[in-house]
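Analysis of the macromolecular model
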Amino acid sequence: MKLSTLTVGQLNEYVRRVLASDPMLRSVCVVGEISNLKRHVSGHWYFSLKDEEAAINCAMFRQAAAGLRFRPENGMRVRLYGNVSLYTKTGSYQLYVEEMEQDGLGALYLQFEALKNRLMQEGLFDAALKKPVPQYVRGIGIVTSKTGAVVHDIARVAWRRDPSVQLYLCPASVQGANAADEIVAAIRLLDRYDPAEVIIVGRGGGSMEDLWPFNEEKVARAIAACKKPVISAVGHETDFTIADFVADLRAPTPSAAAELAVQRQDLLFQQLAGLCTQMDAALEKRLSALHLRLIRTRQQLTAASPEERTQMQLNRVAQLRLRMQAACDGQLGQKAHALSAAPLRLHTLCENRLNGLERRLAQATLRLRTAGPVETIRRGYAVVMKDGHAIKDAQLLSPGDRLKLHMNNGIVSTTVDRIEKGC
């Protein structure tokens, strides 16, 4: 018997026609649990329908999906109506779904809801228990598979935002029978490792079965007991696990988790530059104010000094003497004929007047200098100053006060040890 030679396309098309010609497969009703549900941007839905024994790939096109009155989720038990055929391009046998009805919840979904409700009642999801993620993180611990793309996505984003941040990978299986135990061990190890300030726990997307380790109670309690902030980044944006509810922060994807944990270094430098500018401006303003205050204080001290006041009095006497001399000269010129008989007497009177004024000035100057602080200091006394003010009463001082003693030829800084009452 000679066999016919077929191309792959011809073989697939033949099988498709065989399936299409079977009247039983043209309209079937199948019950099972939804798994690995994917909603395409085109509006088409692709998923698996499974039971305890087997699974079948399913496709539900946009027009049929738009008519549903509920939102299918992984683990949900449904009743599907449609036809069985072969997708010739890939040779995959699948169920094309035209209608979908809820047929109760699947076992995994029921477990998920039961654990979620129990942990919620215990308060593990309370916002008050959420630990804040530090604004500036120097080290990040990562719990994920060492062979997956998650760790590379986190590293790419983190080092793009801040090349100096340190990443510490504690690898763990993210699906399978031992995954939950490995995840718990990795979280506890990183919690004791001081350089890791924040812990990211995550993996890529998958079916509810694939993500199930992150729905285990032991993992939830390990996250809740962790002393460091934990960011959950499990699956895609539409996937939710128990770990997401217990974690201190949920990220829709692992890349988003890196963005939440690491601040952009360029923005930090900009903020630092702005703070330095503000500090320089405030310091310059403060220095200017102190400089003006110093100038005013010097002017006040100069105006109040005994030397300045004495010089003002001398200048005033000199002006009066000039005015008196001018008056005398004018009177002498106008009345020369009347004074020609007594020039010596007039001269004597003027001279005596001037000498009397000079003596009064000398006496006033002597009294002023004697009463002033300069002469007092020269005689061996000192002026006690505190905070720029002269202290006249010992009761105004306290032990520990810093004082300045203005003495002849210098200023002495000292501290009050004790105060004794005296006269």
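Structure shown above.
Small disclaimer: the values here were computed from a predicted structure and weren't measured. (Residues numbered from 1 in each chain as written. Predicted model: local features only at pLDDT ≥ 70, side-chain atom pairs only at ≥ 80, totals over all residues. Heavy atoms only, no water.)

Moving on to the side chain of Asn-74. Structurally, Asn-74 is set in the loop between helix H3 (62-66) and strand S4 (76-87). Taking the relative accessible area as the measure of exposure, Asn-74 reaches 14% and is therefore buried. In terms of polar contacts, Asn-74 uses its side chain to reach the backbone amide nitrogen of Leu-37, at 2.9 Å. If we skip the residues at most four places from it in the chain, Asn-74 touches Ile-34, Ser-35, Asn-36, Leu-37, Tyr-109, Gly-206 and Met-208. (Helix = DSSP H or I, 4+ residues; strand = E, 2+ residues; numbered from the N terminus. Buried < 20%, exposed > 50% of the residue type's maximum accessible area, 1.4 Å probe, protein only. Polar contact = N/O pair within 3.5 Å; in protein donor to acceptor, adjacent residues only side chain to side chain. Contact = heavy atoms within 4.5 Å.)

Between its first and last C-alpha atoms helix H4 (residues 107-122) spans 23 Å; for 16 residues at 1.5 Å apiece the expected length is 22 Å, and the two agree. Among the residues of H4, Leu-108, Tyr-109, Phe-112, Leu-115, Lys-116 and Leu-119 are the ones counted as buried. Projected down its long axis, H4 carries its buried residues within an arc of 135°, all on one side. Following H4 by one or two positions, Gly-123 adopts a phi angle in the positive range, close to 90°. (Expected span 1.5 Å × (residues − 1). Arc of directions from axis to C-beta.)

Between the first and last C-alpha of helix H6 (residues 179-192) there are 20 Å, a value that for 14 residues agrees with the 20 Å anticipated at 1.5 Å per step. What H6 keeps buried is the set Ala-179, Ala-180, Ile-183, Val-184, Ala-186, Ile-187, Leu-190 and Asp-191. Taken down its axis, H6 places every buried residue within 165° of arc, on the same side. Opposite the buried face of H6, by more than 90 degrees, sit the exposed residues Arg-188 and Arg-192. Those residues of H6 that are buried are in contact with strand S6 (139-143), strand S7 (166-169), strand S8 (198-203) and helix H7 (217-225).

Further remarks concern the sheet that holds strand S10 (residues 249-250). Spatially, S7-S6-S8-S9-S10 is the arrangement adopted by the five strands of the open sheet, whose pairing is parallel. At either margin of the open sheet sits one strand with a lone partner, and together these are S7 and S10. Here S8 runs beside strand S9 (residues 230-234); their pairing, made up of five bridges, is parallel. Residue pairing across strands places Arg-203 opposite Val-234, the latter belonging to S9. Running at roughly 165° to S6, H6 makes contact with S6, S7 and S8 of the sheet. (Pairing = 2+ DSSP bridges. Axes fitted to C-alpha atoms, helices over the stretch in contact; angles between N-to-C directions.)

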